[in-house]
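# Geometric and topological summary
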Amino acid sequence: MLNKVIIGNQKMNLTASQTRKFINAFVPMVEHLNCDIAICVPYTNLAVCKRALKDTNVAFGAQNVSEFEKGAYTGEINSEMLADIGCKLTLVGHSERRKYFSEHNSEINSKIKQNLKYNITSVLCIGESKRERTAGQTRNVICKQLDECLSGLYENELENIVVAYEPIWAIGTGQTATGKQIEEAVNIIREEIARLYTDKASKNIVVLYGGSVKPDNVKNFINIKNLNGFLVGGVSLDAKAFSELIQIYVGKPVKK
Ligand code: 13P
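An unreviewed UniProt entry annotates the chain as Triosephosphate isomerase of Candidatus Caccopulliclostridium gallistercoris. The UniProt entry for the chain carries the following comment under Catalytic activity (unreviewed entry): "D-glyceraldehyde 3-phosphate = dihydroxyacetone phosphate". As stated in UniProt under Sequence similarities (unreviewed entry), the record for the chain gives "Belongs to the triosephosphate isomerase family."

## Notes on the packing of helix α1 (residues 16–30) against helix α10 (residues 239–250)
Their axes nearest at 9 Å, the elements α1 and α10 cross at an angle of 25°. Comparing their axes, α10 and α1 come out roughly parallel. Along this stretch, α1 crosses α10, giving a crossing that reads as right-handed. Of α10, the residues touching α1 (which contributes Phe-22, Ala-25, Phe-26, Met-29 and Val-30) are Ala-239, Lys-240, Phe-242, Ser-243, Ile-246 and Gln-247. Among the residues forming the contact of α1 with α10, the class breakdown is 8 nonpolar, 2 polar and 1 charged.

## Let's talk about empty space enclosed by the protein
Within the structure shown, the criterion is met by 1 cavity of 30 Å³ or more. Its boundaries defined by the atoms lining it, the largest cavity holds a volume of some 40 Å³. Around the largest cavity, the lining residues are Gly-93, Ser-95, Arg-98, Cys-125, Ile-126, Gly-127, Gln-145, Glu-166 and Ile-168. Within the residue set of the lining of the largest cavity, elements represented by two or more residues are α4 (95–100) and β5 (121–126). Residue composition of the lining of the largest cavity, by class: 3 nonpolar, 4 polar and 2 charged.

## Quick look at α1
If you check α1, its first and last C-alpha atoms are 21 Å apart, about what 15 residues at 1.5 Å a residue would give, namely 21 Å. Looking at α1, one finds that the buried residues are Thr-19, Phe-22, Ile-23, Phe-26, Val-27 and Val-30. Buried residues along α1 sit against β2 (36–40), α2 (46–52), β3 (58–62) and α10.

## Description of helix α7 (residues 138–149)
The end-to-end C-alpha distance of α7, which contains 12 residues, comes to 16 Å, matching closely the 16 Å that a straight helix rising 1.5 Å per residue would cover. Residues Thr-138, Val-141, Ile-142, Cys-143, Gln-145, Leu-146 and Cys-149 constitute the buried set of α7. Elements in contact with the buried residues of α7: α4, α5 (105–117), β5, α6 (130–134), β6 (161–165) and α8 (179–196).

## Some words on the packing of α7 against α8
Here α7 crosses α8 at 45°, and the two axes come no closer than 10 Å. Taken together, the axes of α7 and α8 lie oblique to each other. In this structure, the crossing between α7 and α8 has a hand that is right-handed. Here Arg-139, Ile-142, Cys-143, Leu-146 and Asp-147 of α7 come into contact with α8, specifically with Ala-185, Ile-188, Ile-189, Glu-191, Glu-192, Arg-195 and Leu-196. Here the contact of α7 with α8 is composed, by residue class, of 7 nonpolar, no polar and 5 charged.

## Observations concerning the layout of surface pockets
One number sums up the size of the largest pocket: a volume of about 380 Å³. Considering every element that reaches the lining of the largest pocket, the biggest residue donor is α4, with 3 residues. A breakdown of the residues in the lining of the largest pocket according to their chemical character gives 7 nonpolar, 4 polar and 3 charged. In this structure, the second largest pocket spans a volume of roughly 320 Å³.

## Considerations on the packing of aromatic side chains
Tallying each qualifying case throughout the model produces 7 aromatic pairs. Considering the side-chain rings of Phe-22 and Phe-26, the 5.1 Å spacing of their centres and the 25° angle between planes classify their relative orientation as stacked. Of the two residues, Phe-22 and Phe-26 are both situated in helix α1; the distance of 4 residues between them amounts to about one turn of the helix. Per residue, the accessibility class of Phe-22 equals that of Phe-26, and both read buried. Centroid distance Tyr-165 to Tyr-209: 6.3 Å. Interplanar angle 45°. Geometry classified as tilted. Placement of Tyr-165 in strand β6 and of Tyr-209 in strand β7 (residues 206–210) is noted, with a sequence separation of 44 residues between them. Among the residues examined, Tyr-165 registers a relative accessible area of 0% and is labelled buried. Look at Tyr-209 and you get buried, because its relative accessible area is 0%.

Rules and cut-offs
Residues numbered from 1 in each chain as written. Predicted model: local features only at pLDDT ≥ 70, side-chain atom pairs only at ≥ 80, totals over all residues. Heavy atoms only, no water. UniProt positions renumbered as here; feature names shortened; annotations may be inferred. Axes fitted to C-alpha atoms, helices over the stretch in contact; angles between N-to-C directions. Helix = DSSP H or I, 4+ residues; strand = E, 2+ residues; numbered from the N terminus. Parallel < 35°, antiparallel > 145°, perpendicular 65-115°, else oblique. Left-handed = near helix turned anticlockwise from the far one by under 90°. Contact = heavy atoms within 4.5 Å. Nonpolar A, V, L, I, M, F, W, Y, C, P; charged D, E, K, R; others polar. 1 Å grid on protein atoms, 1.4 Å probe; cavity = no way out; pocket = protein on both sides within 12 Å on 5 of 7 lines; lining within 4 Å. Points joined across faces, edges and corners; volume = space filled by probe spheres on them. Expected span 1.5 Å × (residues − 1). Buried < 20%, exposed > 50% of the residue type's maximum accessible area, 1.4 Å probe, protein only. Phe/Tyr/Trp six-rings, centres within 6.5 Å; stacked < 30°, edge-to-face > 60°.

What follows is the structure in C-alpha cells.
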C-alpha cells in the first residue's frame, strides 16, 4: 500500500443504480490522484463496482463478511464469494456491527482469518465509546480489541490488515477527535502492535482515522504523525465532496 489511503464506507445507503451514478461522477475527479482509494459498498452493489471500476484507480470492498467458511448459513456472504467478485478489502468489526449485530472480538477474529485465506484485506475498526474515554479506558479498550481481533495471526499476515481507529463518539456526530487525541490513539495502536509483534510490524501497519472527517476539517489531520489516511462515512456518499476531501488530503488544488 502507498502511504496515503482513503476508504469510503457508504454504509446502507445507495442502491446499485445510485452506486453506478456515484462512480461515474467520482472516478474522473480522482483518477490522477496519488492515493490508494477504495469504497466499501453493500453486497448488492459489488457487481456494479466490478464493472464500473474496472481499469480505474479505485478499489472496492464489502462492509462485512461471514465468519464461516461455507455451508448452511442462510443470508451470509463468505470471503471466497467476495474474492471471486473482485473485492480487495472488507471492513470488519465496525462499531455499528458491534452495536446492532452484537459482533464480538472473537467473531471478528474469525472473519479476519477467513479473509486471509482469500487474500482480502481486513479493515479492522476499533475505538472506544464516550463513556470509556471519560473513564480513562481508551488504551485498555483499544489494546483489548487489537489483542483479541488479531489473536493467532502471524506477523506476515499483518500485510493484509488495516487498522481504522474510529472512536464511537465521533461517528456520524460531526464531533471529530482532535489531532492530539488521534495521534495518541495511533501511538497506542502502534505500541500494541510492537508489543504483540515487532517494531517493524508496528512501523509498517497501515492505520487510519474515521469519524466525521469532512473536506473542511481534513486539513487539521494531514500532519498527524504515523497516520496513513482516513475511513470516511457520510461524505463518501457525495462524489464531489468526497473527491474534494481526497484532493485536499493529497495536497492538490481542489477542482470545482
Ligand atoms: P462518518 O464519517 O459519517 O462520521 O462515519 C465514519 C464511519 O463510520 C466510517 O466507517
